[in-house]
Amino acid sequence: LKVIEDIRAFLVGHEGIDQSKAVTVSLADGAENGGAFGTYQLTIAIYAFTKTTNWVEFKEIQDSIMITVAKIIHDNDADMAFPTYSLYNEEDTMAPPQIFQTNKKK
């Protein structure tokens, strides 16, 4: 898949990724996240190490990578699956609003 190749190329060129360690991007296998084919998505597994061991720097690199990965996915005319829920009622069960009179006749 071109999207996987593009993500891999991005990571291999990223200055925050330790290139002396394994860098892999692939469809997740059956042991990860229930397999590559989820209910409504393909799961992409990204495996890489940052050069830093500083937690704050790691999180900044991780955030930057995830935003870029989302852009790469969109640039390949694909999209990311997000869980959504819809709730449908067969009939409106709410009673009409009560109107209260505040002006009483004396």
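See the structure printed just above.
Described in the following lines is the structure provided in the data block. On a predicted model such as this, the values are computed, not experimentally measured, just so you know. (Residues numbered from 1 in each chain as written. Predicted model: local features only at pLDDT ≥ 70, side-chain atom pairs only at ≥ 80, totals over all residues. Heavy atoms only, no water.)

**A short note on the nonpolar core**
Grouped together as the largest cluster of nonpolar side chains are twelve residues: Val 3, Ile 4, Ile 7, Leu 11, Ile 17, Val 23, Val 25, Ile 61, Ile 65, Val 69, Ile 72 and Ile 73. Looking at this core, the elements that each hand over two or more residues are α1 (2-12) and α2 (55-75). Ranked by residues supplied to this core, first place goes to α2 with five residues. With sequence-adjacent residues up to four places away left out, Val 3 is seen in contact with Ile 72, Ile 73 and Asn 76. (Core = buried A, V, L, I, M, F, W, Y, C linked by side-chain atoms within 4.5 Å. Buried < 20%, exposed > 50% of the residue type's maximum accessible area, 1.4 Å probe, protein only. Helix = DSSP H or I, 4+ residues; strand = E, 2+ residues; numbered from the N terminus. Contact = heavy atoms within 4.5 Å.)

**Digging into the packing of α1 against α2**
Contact geometry for α1 and α2: axes closest at 10 Å, N-to-C directions at 145°. At the point where α1 passes α2, the crossing takes the right-handed sense. On the side of α1, the interface is formed by Val 3, Asp 6, Ile 7, Phe 10 and Leu 11, while α2 contributes Ile 65, Thr 68, Val 69, Ile 72 and Ile 73. Here the residues of the contact of α1 with α2 are counted per class, giving eight nonpolar, one polar and one charged. (Axes fitted to C-alpha atoms, helices over the stretch in contact; angles between N-to-C directions. Left-handed = near helix turned anticlockwise from the far one by under 90°. Nonpolar A, V, L, I, M, F, W, Y, C, P; charged D, E, K, R; others polar.)

**Thoughts on the pattern of salt bridges**
Applying the stated criterion across every chain yields a total of two salt bridges. Linking Asp 6 and Lys 2 is a salt bridge whose minimum nitrogen-to-oxygen distance equals 2.7 Å. Placement of the pair is Asp 6 and Lys 2 together in helix α1, with a separation of four residues, close to one helical turn. Residue Lys 71 pairs with Asp 75 through a salt bridge whose shortest N-O separation is 2.9 Å. (Salt bridge = Lys/Arg side-chain N within 4 Å of Asp/Glu carboxyl O.)

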